[in-house]
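Descriptive analysis of the structure
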Amino acid sequence: KLKWAMKEHEQQVYEEKVRFLINISHELRTPLTLIHAPLSRILKSLSSEDHQYLPLKAIYRQSQRMINMVLDVRKMEVGESKMQIQPHPLNKWIEDVSQDFISEGEAKNVRIRYELDPRIETVSFDKDKCETILSNLLINALKHSPENTEITITSELLSEESRIRISIIDQGNGLQQV
């Protein structure tokens, strides 16, 4: 009886979390759109040489990412969330995603360095879901990196396994062993 009651309680908590996410996503969508649209117009009016262009472009990309997250919650709500696996040039994608973290690193005097395997060309993966993962790894690396250090992003073709490994290496304390 106790196990059944615990399972029922867990299900209720899960459903409340989902309802909360759905409600908050609806509330976020309008202000995010009102941020994203003017940014788009401002970017179109600037030259790519303008010193404001790159920071505004990074803000624009992140606002687009947030809008996509809100839409993904909506898709989850109606059961339409699916993997979108398509071919992408992996190393370029890594550079594009990590570009938004360079100024954050510079503010902390942490350099981002690349060691991307040139043998890796086009790889099929879900770009948006993988961007979330890579972004989380990079923000954690930045958060835990001491000043005057570097973060190395590597891609490596593991030919014996026909796999690719992407690594984020920083000089922070690392995870505690439990």
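Going by the structure above, here's the rest.
Now for a quick tour of the structure. Please read these numbers as outputs of a predicted model, since none were measured by experiment. (Residues numbered from 1 in each chain as written. Predicted model: local features only at pLDDT ≥ 70, side-chain atom pairs only at ≥ 80, totals over all residues. Heavy atoms only, no water.)

**A look at helix H1 (residues 2–45)**
- Between its first and last C-alpha, H1 extends 63 Å over 44 residues, near the 64 Å set by a 1.5 Å rise per residue.
- Of all bends in H1, the biggest is about 30 degrees, found at Arg29, and the proline Pro31 comes one to four residues later. (Helix = DSSP H or I, 4+ residues; strand = E, 2+ residues; numbered from the N terminus. Expected span 1.5 Å × (residues − 1). Bend = angle between axes of the 7 residues up to and from the residue.)

**Regarding the nonpolar core**
- Core analysis: the largest hydrophobic core is formed by 16 residues, its most contacted members being Leu90, Trp93, Ile94, Leu138 and Ile151.
- Those elements giving two or more residues to this core turn out to be helix H3 (90–107), strand E2 (110–116), helix H4 (127–144) and strand E4 (149–158).
- The element contributing the most residues to this core is H3, with five residues.
- Leu138 has contacts with Ser98, Phe101, Ile151, Ile153 and Ile168, leaving out every residue within four places of it along the chain. (Core = buried A, V, L, I, M, F, W, Y, C linked by side-chain atoms within 4.5 Å. Buried < 20%, exposed > 50% of the residue type's maximum accessible area, 1.4 Å probe, protein only. Contact = heavy atoms within 4.5 Å.)

**Quick look at the environment of Leu28**
- Here Leu28 is to be found in helix H1.
- On the basis of relative accessible area, Leu28 is assigned to the partly exposed category, the value being 37%.
- For the pair formed by Leu28 and Ala107, sequence separation is 79 residues and the distance between their alpha carbons is 28 Å.

The analysis is restricted to geometry; functional conclusions fall outside its scope.
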